[in-house]
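Here is how the chains run, residue by residue.
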Amino acid sequence: MGRANSSCWTAWLAVVLVHWCLCVRERNRVVVEASHVVYESLQSVPASVVDSKLRTGYHFQPPKHWINDPNGPMYYNGLYHLFYQYNPSGSVWGNIVWAHSVSTDLINWVALEPAIYPSKPFDIKGCWSGSATILPGNRPVILYTGLDPRERQVQNIAYPKNLSDPYLREWVKPDFNPVIAPDDGVNGSAFRDPTTAWRGPSGHWKLVVGSKWNKRGKAILYRSRDFVHWVKAKHSLHSARDTGMWECPDFYPVALKGTRGLDTSVYGHGVKYVLKVSLDITRYEYYTVGKYYHDKDKYVPDATSADDNTGLRYDYGNFYASKTFFDGKKQRRILWGWANESDTSDVDKAKGWAGIQMIPRTILLDSSGRQLVQWPIEEIESLRGKHVVVEHKRIPSGGFFEVTGIDSSQADVEVSFDVSGLEKAEDFDPSWATDAEALCGRKTADVKGGVGPFGVLVLASANMEEKTAVFFRVFKAYHKHVVLMCHDPTRSSLRAGLYKPTFAGFVDVDIAKTGKISLRTLIDSSVVESFGAKGKTCITSRVYPSLAIGEDAHLFVFNNGSTDVKVSELNAWEMKKPLMNGA
Ligand SMILES: *[C@@H]1O[C@H](CO)[C@@H](O)[C@H](O)[C@H]1NC(C)=O
Ligand SMILES: *[C@@H]1O[C@H](CO)[C@@H](O)[C@H](O)[C@H]1NC(C)=O
Ligand SMILES: *[C@@H]1O[C@H](CO)[C@@H](O)[C@H](O)[C@H]1NC(C)=O
Ligand SMILES: *[C@H]1O[C@@H](CO)[C@H](O)[C@@H](O)[C@@H]1NC(C)=O
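Note that the structure is a prediction, hence the values are computed from the model and not measured. (Residues numbered from 1 in each chain as written. Chains lettered and ligands numbered in written order. Predicted model: local features only at pLDDT ≥ 70, side-chain atom pairs only at ≥ 80, totals over all residues. Heavy atoms only, no water.)

### As for the sheet that holds strand 7 (residues 153-160)
Next up, step 1: Taken in spatial order, the 4 strands line up as 5-6-7-8 in an open sheet, and their pairing is antiparallel. Strand pairing shows two members of the sheet lacking a second neighbour, strand 5 (126-135) and strand 8 (171-172), which therefore form its edges.
Next up, step 2: Pairing analysis gives 2 bridges linking strand 7 to strand 8, with the strands arranged antiparallel. Counterpart to Pro160 in the pairing with strand 8 is Trp171. (Pairing = 2+ DSSP bridges. Helix = DSSP H or I, 4+ residues; strand = E, 2+ residues; numbered from the N terminus.)

Spelled out as structure tokens, the structure:
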């Protein structure tokens, strides 16, 4: 892979130069798509400096410039592939190509030359997101959204030029594209992000494309026998009123029992389905768990899944445009998601990079059948270095302790809390049930409670002028306890002008029964990525400390409730740096 790396840089540079010229020419073009903030004056300003102070170490990113959606992830002949939306010429959105990286372990990555870039009438104005499908005979294909000369969104196919090339570097876009164009009744300005296709009992291939009609979000279904000729089905696979444009839909089966992930085309007994959409209006995603009727090609969410923007989320923080794939090597389903920066575009330009992919997560259906659980892929543990342990430590009301002995600016921290004294839990107002985020905004880490807030303070300065709090708070509702998980970055930096929302989700656990709850947080300089109760509730934040950088970052465990809590066990590891696209 070393050689692949060096030769690719020449090609990469060439592409950067080509795009630089294209961009100068196109600098004043009008960008139609509504979902991206467009800074035309910055789109084609290559980074002269790459500032590494707050740069992530083990999250996926290219050496510089802007990235967004993960595209076409797949496992093929011993290698993982990740494509992603990339601006080769600047640190804000623009000039988008499908950048391409490969890996043997999803942790160490080698960058190849971009796989898909605007070159044909059916994609001359843009090469946007899409998915890979592995066809019978082990032949991968990609379907992606192109923008034609009229800036209509159309769906195109691309396949590898040479299946014997282990890296699948070159992709061919046949001239018969587009394979799916918006016809009557489809909004050609809101028609994008085709899913991985699946094959049902009828033998047809099927896929959905995200769309909207007025304010109704839609997953428009297409069928094909040969993967080339696609016919729109009479009805959408699913749609929901007042949700607006559905970007990056994802649709896949999950097993009711066991720990194996399923290939997209698996069907039969013991299988449920998940439909995820990324809402352009809110810039958050939600998913439902439900039933898929193959004969009618209808998806019906379960009554336990809210089918609107109050629904379940993979991540209650900064996480968007996600996509799963089936990993045939380890028989698991893996989730990729993008996190943007929470800083101004001027600062992004100055630091020379913007956007990361979150650590890939293994996805399973929870034993309740009501939601998914997610966990960082096991390979991430290979980066664990220096290790500290704390056991059986009681934290009294208002107390805290520091975890020392590792550099906690890039760390993996797992804590198990024993929780008792539930009679002291604060009362839960039922009107809070649909807005965890607002509740967290009102009851931050500084607001004392009954049971909690307790949790960790990460990327904290020595005197805690800067800190990002990750914590739980337990409430007493009429007939049960309610557990809130919260990220509070409001005091994460002394710098002004940052986007620092509190993020939160409820955790579906019976804390009165278990008496304990766990928290895992992956810290990576400007990333805080947390998994509550073994992955039932996940939250990601981007923060930019001005003091708590590198070895000046501290890690504390705190309890601001009126009852004691106990850390039954804490493990914290310093994280090593993998090979990251030659950075
Ligand atoms: C296909 O790839 C293989 C392996 O890299 C190479 O040996 C072969 O020459 C390639 N074929 C063509 C037509 O480029
Ligand atoms: C089609 O999409 C465009 C772009 O989002 C939007 O402005 C327009 O209102 C949409 N039309 C309908 C009928 O949904
Ligand atoms: C606990 O609450 C007090 C008072 O509201 C606040 O000053 C302190 O910073 C809080 N502790 C933590 C660790 O957030
Ligand atoms: C990420 O950036 C913040 C701050 O600029 C915006 O508020 C978010 O909408 C944006 N998120 C996405 C998914 O684009």
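Structure's up, so let's keep going.
### With respect to the site of ligand 3
Next up, step 1: Every residue lining ligand 3 is accounted for by Ala445, Asp446, Lys448, Leu457, Lys467, Phe558 and Asn560.
Next up, step 2: Take Lys467: an N or O atom from its side chain is 3.2 Å from an oxygen atom of ligand 3.
Next up, step 3: Between ligand 3 and Asn560 there is a distance of 2.4 Å, counted from an oxygen atom to a side-chain nitrogen or oxygen.
Next up, step 4: Within the complex, 64% of the 360 Å² of free accessible area of ligand 3 lies under protein.
Next up, step 5: Here the residues of the shell around ligand 3 are counted per class, giving 3 nonpolar, 1 polar and 3 charged. (Near = heavy atom within 4 Å. Polar contact = N/O pair within 3.5 Å; in protein donor to acceptor, adjacent residues only side chain to side chain. Areas by Shrake-Rupley, 256 points an atom, 1.4 Å probe, with all protein chains shown as cover. Nonpolar A, V, L, I, M, F, W, Y, C, P; charged D, E, K, R; others polar.)

### Considering the nonpolar core
Next up, step 1: If you look at the biggest cluster of nonpolar residues, it comprises 59 residues, and the most contacted ones within it are Leu372, Phe417, Ile517 and Val557.
Next up, step 2: For this core, the domains that each give at least three residues are domain 1 (3-45 + 66-376) and domain 2 (384-575).
Next up, step 3: Counting 24 residues, the second-largest nonpolar core is a separate cluster that includes Tyr58, Tyr86, Trp109 and Phe531. (Core = buried A, V, L, I, M, F, W, Y, C linked by side-chain atoms within 4.5 Å. Buried < 20%, exposed > 50% of the residue type's maximum accessible area, 1.4 Å probe, protein only. Domains from an automatic or database assignment.)

### Topic: the sheet that holds strand 16 (residues 271-279)
Next up, step 1: Taken in spatial order, the 4 strands of this open sheet run 15-16-17-18, and their pairing is antiparallel. Looking at the sheet topology across the chains shown, the edges are occupied by strand 15 (246-255) and strand 18 (298-301). Averaged over all adjacent pairs, the angle separating strand axes in this sheet is 35 degrees, with direction ignored.
Next up, step 2: Across 8 bridges, strand 15 lies against strand 16 in antiparallel orientation. Bridging across to strand 16, Val254 finds its partner in Lys272. (Axes fitted to C-alpha atoms, helices over the stretch in contact; angles between N-to-C directions.)

### Structural notes on the site of ligand 4
Next up, step 1: Arg283, Tyr320, Trp338, Asn340, Glu341 and Tyr499 make up every residue found near ligand 4.
Next up, step 2: Within the backbone of Glu341, an N or O atom sits 3.5 Å from an oxygen atom of ligand 4.

### Things to note about the packing of aromatic side chains
Next up, step 1: Following the criterion strictly, the structure yields 34 aromatic pairs and no others.
Next up, step 2: Aromatic ring contacts, followed pair by pair, group Phe60, Tyr84, Tyr86, Trp109 and Trp336 into a single cluster.
Next up, step 3: The ring of Tyr284 is capped by Arg313, whose NZ or CZ atom sits 4.1 Å from the centre of that ring.
Next up, step 4: Positioned above the aromatic ring of Trp573, the side-chain terminus of Arg384 is 3.6 Å from the ring centre. (Phe/Tyr/Trp six-rings, centres within 6.5 Å; stacked < 30°, edge-to-face > 60°. Lys NZ or Arg CZ within 6 Å of the ring centre and 35° of its normal.)

### Some remarks on the UniProt feature "domain: Glycosyl hydrolase family 32 N-terminal" (unreviewed entry) in the protein chain
Next up, step 1: UniProt marks residues 59-376 with the feature "domain: Glycosyl hydrolase family 32 N-terminal" (unreviewed entry), using the numbering shown here.
Next up, step 2: Secondary structure across residues 59-376 comprises 2% helix and 48% strand; the distance between its end C-alpha atoms is 12 Å. (UniProt positions renumbered as here; feature names shortened; annotations may be inferred.)

### As for the pattern of salt bridges
Next up, step 1: For the structure shown, the criterion picks out 39 salt bridges.
Next up, step 2: Two residues, Asp297 and Lys206, come together in a salt bridge whose shortest N-O distance is 3.1 Å. Here Asp297, found in the loop between strand 17 (284-293) and strand 18, pairs with Lys206, found in strand 11 (residues 205-213); they are 91 residues apart in sequence, far enough to count as distant.
Next up, step 3: Under the relative-accessibility criterion, Lys206 is labelled buried at 2%.
Next up, step 4: Here the salt bridges share partners, and the residues they tie into one network are Glu381, Arg384, Asp412, Glu414, Arg520 and Lys534. (Salt bridge = Lys/Arg side-chain N within 4 Å of Asp/Glu carboxyl O.)

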